[in-house]
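What the coordinates show
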Amino acid sequence: MELQGKRIVLGVTGGIAAYKAAELVRLLGRQGADVQVAMTAAATHFVTPTTFQALSGKPVFTDQWDARMPNAMAHIDLSRQADCIVVAPASADFLARVANGLADDLLTTMVLARDCPLLAAPAMNRQMWESQATRRNMAQLAADGVHLLGPASGEQACGEVGAGRMLEPEEILEEVIAFFTPKVLAGRKVLVTAGPTFEAIDPVRGITNLSSGRMGYAVARAARHAGAAVTLVSGPVGFGPPQGVDRIDVKSALEMHAAVMARAVEADIFVAVAAVADYRVANAAEHKLKKDAGGVPPIELVENPDILAEVAALKDGPFCVGFAAESRNLEEYAQAKRRRKNIPLIAGNLIQDGFGGDDNRLVLFDDNGTHPLTPAPKSVLARQLVEHIAHLTGAA
Ligand code: C5P
C-alpha cells in the first residue's frame with residue numbers, strides 16, 4: 001500500500017490510450033489511493049464514465065455544470081483536497097490548453113484552479129508529439145512545473161513507430177509512487193547487488209544460492225524513488241529491472257565482482273544484497289559431463305572474492321551496507337559479519353519462512369546498536385533501509 005491515504009484526481013482525455021487509464025485506476029486503488037476520475041467530453045468517446053465509476057467506486061465527472069454539485073463548483077470541489085492531479089492520457093489538445101491557461105471544460109478548469117501538483121502522461125501520434133507547437137507547449141509546461149511522465153517510444157495505435165506513446169499503467173503508477181517519496185538520496189549514486197550467482201560445473205550444470213532477488217530489487221527501486229541514480233548488478237533472476245534503474249546482468253561471482261569493482265569508486269553508497277556463492281568450481285568442464293564416463297566427477301572448489309569486503313576496503317570508497325541472512329543467532333552473527341567486513345551498516349534477516357516471498361523481517365545493525373523493523377513487504381522495508389542509510393550518511 002504505497003499510496004495509502006493519497007487523494008488523486010485522475011483526469012482522462014480523449015485518446016485511444018484512455019482504455020489503459022481504466023487499469024491505472026485499479027492499480028492506484030490497490031496501493032491505497034483514493035481516486036476521483038474526471039473525463040473530458042472527448043475521452044467519453046473512447047471509454048464510458050461507467051467503466052471508471054465501477055473501478056473507482058465513485059461517480060465520474062465530465063461536465064462543469066454537473067447538477068450533482070450543489071454549488072456548481074465541481075472544478076473547485078473535486079480537486080480541493082487532492083494531493084495531486086494525474087492526467088493520463090494527456091492529449092496534445094489538452095496539453096496545449098493547459099500550457100496556455102485555458103479553462104474551457106471541467107478538467108482544464110480544475111487544472112487551472114488547482115492547489116496541488118500536476119502530473120501528465122502525454123499520449124499522441126509521433127508527428128503531433130514532434131510538432132513545433134507541441135514542443136513549445138511542452139517547454140512551457142515544464143517551465144510551469146508540470147511533471148511530465150514519458151511519453152514512451154514504440155508502436156502506436158495509428159500504425160506508426162516513434163515517440164508519443166503513453167507509458168504503461170504500471171509505469172505511471174511507479175512514477176506516482178516515486179513522486180510522493182521524499183528525495184532523501186537526491187543526487188547520490190547508489191550501486192546495488194542482487195540475486196544469486198551461478199557457478200558453472202559444466203555448460204548445463206552449476207552451483208547457486210537460493211535467492212529470489214526481490215529484496216535487492218526492492219532496495220534499488222526504493223533508492224531510485226528517493227532520488228538516487230541507481231545501478232543494479234544482478235545475478236540471474238526471473239523478472240525485469242525496476243523502472244529508471246540501470247541494470248547490469250551477470251552470472252558468476254567473478255562477473256559480479258568485475259562489474260562492481262568497475263563502478264564502486266564512483267558510487268556514494270554500495271548495498272550488497274546479492275547471495276554470492278562462496279565458492280566456484282575450479283575445474284569447470286568445457287563440455288557436458290557424461291554419466292557413463294565412469295566414476296563420480298571430482299568437483300574442485302575455490303573461494304570467490306568477497307565483493308563487499310573488497311569495496312569496503314577501498315580508499316575513498318562508498319558507504320557500504322551488507323546483508324546477513326541467518327537461520328539462528330542473528331544479532332551475534334550479523335554484528336560479527338559487520339565487523340569482519342568493516343562496514344558501517346548491516347541488515348540482518350532471520351530465515352524462518354523460506355525465501356522468495358513478498359514479506360520479510362529485517363533488523364538493522366550499526367554503530368548505534370540494533371534497530372528492528374516491523375515485518376512488512378520488502379518494498380516497505382527497502383524504503384526504511386534507504387531512509388536509514390540517508391540518515392547515517394547525512395543526506396536526510
Ligand atoms: O559473508 P557472507 O556471505 O555471509 O556475507 C553476506 C554479505 O556479503 C551480503 O551483503 C553479500 O551480498 C556480501 N557478499 C559479497 N561477496 C561475497 C559474499 C558475500 O559481496 N563473495
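Quick caveat, the model's predicted, so the values are computed rather than measured. (Residues numbered from 1 in each chain as written. Predicted model: local features only at pLDDT ≥ 70, side-chain atom pairs only at ≥ 80, totals over all residues. Heavy atoms only, no water.)

**Concerning the site of the ligand**
The local shell around the ligand holds 13 residues, among which Ala 272, Ala 274, Pro 305, Phe 323 and Lys 337 are the closest. Here Pro 305 contributes a backbone N or O atom positioned 2.8 Å from a nitrogen atom of the ligand. Contact distances for the ligand include 3.0 Å between a nitrogen atom and a backbone N or O atom of Ile 307. For the ligand, whose accessible area on its own is 440 Å², the fraction buried by protein is 86%. For the shell around the ligand, the secondary structure elements donating two or more residues are α11 (307–312), β16 (319–326) and α12 (330–341). By residue class, the composition of the shell around the ligand is 8 nonpolar, 1 polar and 4 charged. (Near = heavy atom within 4 Å. Polar contact = N/O pair within 3.5 Å; in protein donor to acceptor, adjacent residues only side chain to side chain. Areas by Shrake-Rupley, 256 points an atom, 1.4 Å probe, with all protein chains shown as cover. Helix = DSSP H or I, 4+ residues; strand = E, 2+ residues; numbered from the N terminus. Nonpolar A, V, L, I, M, F, W, Y, C, P; charged D, E, K, R; others polar.)

**Here's the deal with the side chain of Thr 231**
Looking at where Thr 231 falls in the secondary structure, it is placed in strand β11 (residues 229–234). Those residues within four positions of Thr 231 in sequence are excluded, and the remaining contacts are Val 190, Leu 191, Val 192, Asp 246, Ile 248 and Arg 263. (Contact = heavy atoms within 4.5 Å.)

**Regarding helix α9 (residues 214–225)**
The end-to-end C-alpha distance of α9, which contains 12 residues, comes to 16 Å, matching closely the 16 Å that a straight helix rising 1.5 Å per residue would cover. Of all 12 residues in α9, 11 are buried; the element is thus mostly enclosed. Of all the residues in α9, the buried ones are Met 215, Gly 216, Tyr 217, Ala 218, Val 219, Ala 220, Arg 221, Ala 222, Ala 223, Arg 224 and His 225. One or two residues past the end of α9 sits Gly 227, with phi positive at roughly 100 degrees. (Expected span 1.5 Å × (residues − 1). Buried < 20%, exposed > 50% of the residue type's maximum accessible area, 1.4 Å probe, protein only.)

**Side note on the pattern of salt bridges**
Applying the stated rule across the entire model yields 20 salt bridges. Between Lys 337 and Glu 326 there is a salt bridge whose closest N-O contact spans 2.8 Å. Highlighted residues: Lys 337 in helix α12 and Glu 326 in strand β16, separated in sequence by 11 residues. For Glu 326, a relative accessible area of 11% gives the class buried. A network of salt bridges, in which partner residues are shared, links Glu 2, Glu 174, Arg 221 and Arg 383. (Salt bridge = Lys/Arg side-chain N within 4 Å of Asp/Glu carboxyl O.)

**Re the packing of helix α8 (residues 169–180) against α9**
For the pair α8 and α9, interaxial distance at closest approach is 8 Å and the crossing angle is 60 degrees. In terms of their interaxial angle, α8 and α9 are classed as oblique. Residues Glu 174, Glu 175, Ile 177 and Ala 178 of α8 form the contact with α9, whose participating residues are Arg 221, Arg 224 and His 225. Residue composition of the contact of α8 with α9, by class: 2 nonpolar, 1 polar and 4 charged. (Axes fitted to C-alpha atoms, helices over the stretch in contact; angles between N-to-C directions. Parallel < 35°, antiparallel > 145°, perpendicular 65-115°, else oblique.)

**Describing a nonpolar patch on the surface**
Among the surface-exposed residues, Ile 16, Tyr 19 and Phe 46 lie close enough to one another that they form a single nonpolar patch of about 330 Å² accessible area. Taking relative accessible area as the criterion, Ile 16 reaches 48% and is therefore assigned partly exposed. (Patch = residues over 30% accessible without salt bridge, like charges linked within 9 Å, V, L, I, M, F, W, Y side chains within 5 Å.)

**Some remarks on the packing of aromatic side chains**
For the coordinates displayed, the defined rule picks out 2 aromatic pairs. Here the aromatic rings of Phe 179 and Phe 180 are separated by 5.3 Å at their centres, their planes lie at 75 degrees, and the arrangement is edge-to-face. Judged by its relative accessible area of 24%, Phe 179 is partly exposed. Summarising the aromatic geometry, the rings of Tyr 217 and Phe 239 are spaced 4.9 Å apart at their centres and angled 85 degrees between planes, so their arrangement reads as edge-to-face. Separated by 22 residues along the polypeptide, Tyr 217 in helix α9 and Phe 239 in the loop between β11 and β12 (246–249) bring together distant segments of the chain. The partly exposed category is assigned to Phe 239, whose relative accessible area is 24%. (Phe/Tyr/Trp six-rings, centres within 6.5 Å; stacked < 30°, edge-to-face > 60°.)

**So, the domain arrangement of the protein**
Where interface size is quoted, it is often the accessible area lost as the parts come together. The domain architecture assigned to the protein consists of domain 1 (7–180) and domain 2 (189–393). Computed from C-alpha coordinates alone, the two centres of domain 1 and domain 2 are separated by 40 Å. With 6 residues of domain 1 in contact, the opposing surface of domain 2 contributes 5 residues. Summed over both sides, the interface of domain 1 with domain 2 buries roughly 550 Å², with 34% coming from carbon and sulfur. (Domains from an automatic or database assignment. Buried area = accessible area lost by both parts, 1.4 Å probe.)

**Description of the sheet that holds strand β4 (residues 118–122)**
Think of a sheet as strands paired side by side through backbone hydrogen bonds, with each pair either parallel or antiparallel. The strand order across the open sheet formed by 5 strands is β2-β1-β3-β4-β5, and the pairing between neighbours is parallel. Only two strands of the sheet have a single partner each, and these edge strands are β2 (34–39) and β5 (147–148). Where β4 lies against β5, 2 bridges are found, and the strand directions are parallel. The partner of Ala 120 across the bridge, within β5, is Leu 148. The strands that helix α2 (residues 49–56) touches are β1 (7–12) and β2; relative to β2, the one it contacts most, it runs at about 175 degrees. (Pairing = 2+ DSSP bridges.)

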